[in-house]
Amino acid sequence: MTALAATKSVPALPAVKGELTRNASLADFIWFRAGGAAEWMFRPKDAADLAAFLKALPGDVPVLAVGVGSNLIVRDGGVPGVVVRLPKAFAKVTIDGDLIRAGGAAMGITVASAARDASLGGLEFLRGIPGTVGGAVRMNAGAYGRDCSDILVEATVVTREGAIEVWPSARFAYTYRHSALPDGHVVIEALFRGVAGDKAAITAEMDRIAAEREASQPLRSRTGGSTFKNPPGDKAWRLVDAAGCRGLQLGGAQVSEKHTNFLLNTGGATGADIEALGEEVRRRVKAATGVELEWEIERVGVAL
């Protein structure tokens, strides 16, 4: 019996206009290419479809929004309940003056490029974030000295109860890689503010970020981005390296030789391999330095 089969199954689901798929693979698209399936995956047609579905869905059914899974470990027993994955209809990006309106499914690089084309600066760091707008808003994603809270004006959220609400940035109560957005709420759109600038200079900064990422991160591997949060005044990669974890392997999972705050699926890793390796790194760092690293990667689902 699978872990999902052993859990309480989702009851009869509400009718939808979008796509609703049972036992949908997550390993097909998340960056680690590992882990179990979603009990149900819902790709809504539009905001109204998503709101109506969540309103009618029993309140005890868990809901998880997933973009491209660039910062996600899925456990091997799969994800109970409903995974919401916004389709391309939610990826539109438009510019109005110094404001950039981006759908929750838009990629960071797409938003940064649209801002650049409009000679708007301040969003260049999104070039270095390999996820979607929805995920970036939820986790206050950041890189190169800036994060989402620096540029967000407001975001449109579909609540777990099925209401469509516009939240000002302050309502997210942002801290480092964290927001107050409750579980089951889905960010479907964000409004960012840029700063008028020189297009050539903005382009050069985006090119610099791209080159730095290529040189320092294992971008062509099955990975999940930064594994641990940087402790105050330090860097997670430095602590992992100091604890002798560079290249450390467990099953099919490995600490990257290129950047020690990245874990890799070397080809046959399970979700359990990846998570266990992360916990072993945390143990060794604590023993060597006294620092208890906090996970940045989100870990979801049921362990086998």
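What you are looking at is a predicted structure, and each value in this text was computed from that prediction instead of being measured. (Residues numbered from 1 in each chain as written. Predicted model: local features only at pLDDT ≥ 70, side-chain atom pairs only at ≥ 80, totals over all residues. Heavy atoms only, no water.)

(A) Highlighting the sheet that holds strand 13 (residues 186-193). Here five strands make up an open sheet; going across it, the order is 6-7-13-11-12 and the pairing antiparallel. Each of the sheet's edge strands pairs with one partner strand only, and the pair in question is strand 6 (93-96) and strand 12 (164-168). Averaged over all adjacent pairs, the angle separating strand axes in this sheet is 20°, with direction ignored. Relative to strand 12, strand 11 (residues 152-158) is paired through five bridges, and the arrangement is antiparallel. Paired with Val158 across the two strands is Ile164, which belongs to strand 12. (Pairing = 2+ DSSP bridges. Helix = DSSP H or I, 4+ residues; strand = E, 2+ residues; numbered from the N terminus. Axes fitted to C-alpha atoms, helices over the stretch in contact; angles between N-to-C directions.)

(B) Just the pattern of salt bridges, in detail. If you walk through the whole model with that rule in mind, you get 20 salt bridges. Of the charged contacts in the structure, one is a salt bridge between Glu214 and Arg220, with a shortest N-O distance of 3.1 Å. One salt-bridge network, in which partners are shared between bridges, spans Arg75, Glu275, Glu279, Arg282, Lys286, Glu292 and Arg299. (Salt bridge = Lys/Arg side-chain N within 4 Å of Asp/Glu carboxyl O.)

(C) View of the side chain of Thr132. By secondary structure assignment, the location of Thr132 is in the loop between strand 8 (120-121) and helix 4 (133-139). Here Thr132 falls in the buried class, since its relative accessible area comes to 11%. (Buried < 20%, exposed > 50% of the residue type's maximum accessible area, 1.4 Å probe, protein only.)

(D) Just the sheet that holds strand 16 (residues 249-250), in detail. Within the open sheet, the four strands sit side by side as 15-18-17-16. Their pairing is antiparallel. The open sheet terminates on both sides in strands that have one partner only, identified here as strand 15 (222-223) and strand 16. Here strand 16 runs beside strand 17 (residues 253-255); their pairing, made up of two bridges, is antiparallel. For Gln249, the partnering residue across the bridge sits in strand 17 and is Gln254. Here helix 7 (residues 271-289) sits on the sheet and contacts strand 16, strand 17 and strand 18 (263-265); the angle it forms with strand 17, its principal contact strand, is near 35°. (Contact = heavy atoms within 4.5 Å.)

(E) A look at the nonpolar core. Among the nonpolar cores identified, the biggest contains 30 residues, and Val111, Val137, Phe172 and Phe192 are the most heavily contacted of them. Elements with a contribution of two residues or more to this core: strand 7 (99-103), helix 3 (108-117), helix 4, strand 11, strand 13 and helix 5 (199-216). The residues contacting Val111, other than those within four sequence positions of it, are Val93, Ile100, Ala102, Ala106, Leu123, Leu126, Val133 and Phe192. If you look at the next biggest cluster of nonpolar residues, it comprises 21 residues, including Phe228, Ala236, Ala269 and Leu293. (Core = buried A, V, L, I, M, F, W, Y, C linked by side-chain atoms within 4.5 Å.)

(F) Layout of the confidence of the model for the protein chain. Across the protein chain, the average pLDDT comes to 95, with 96% of residues at or above 70. This model gives residues 1-8 a pLDDT under 50, and the stretch forms 15 contacts once residues within four places in sequence are excluded. (pLDDT = per-residue confidence, 0-100.)

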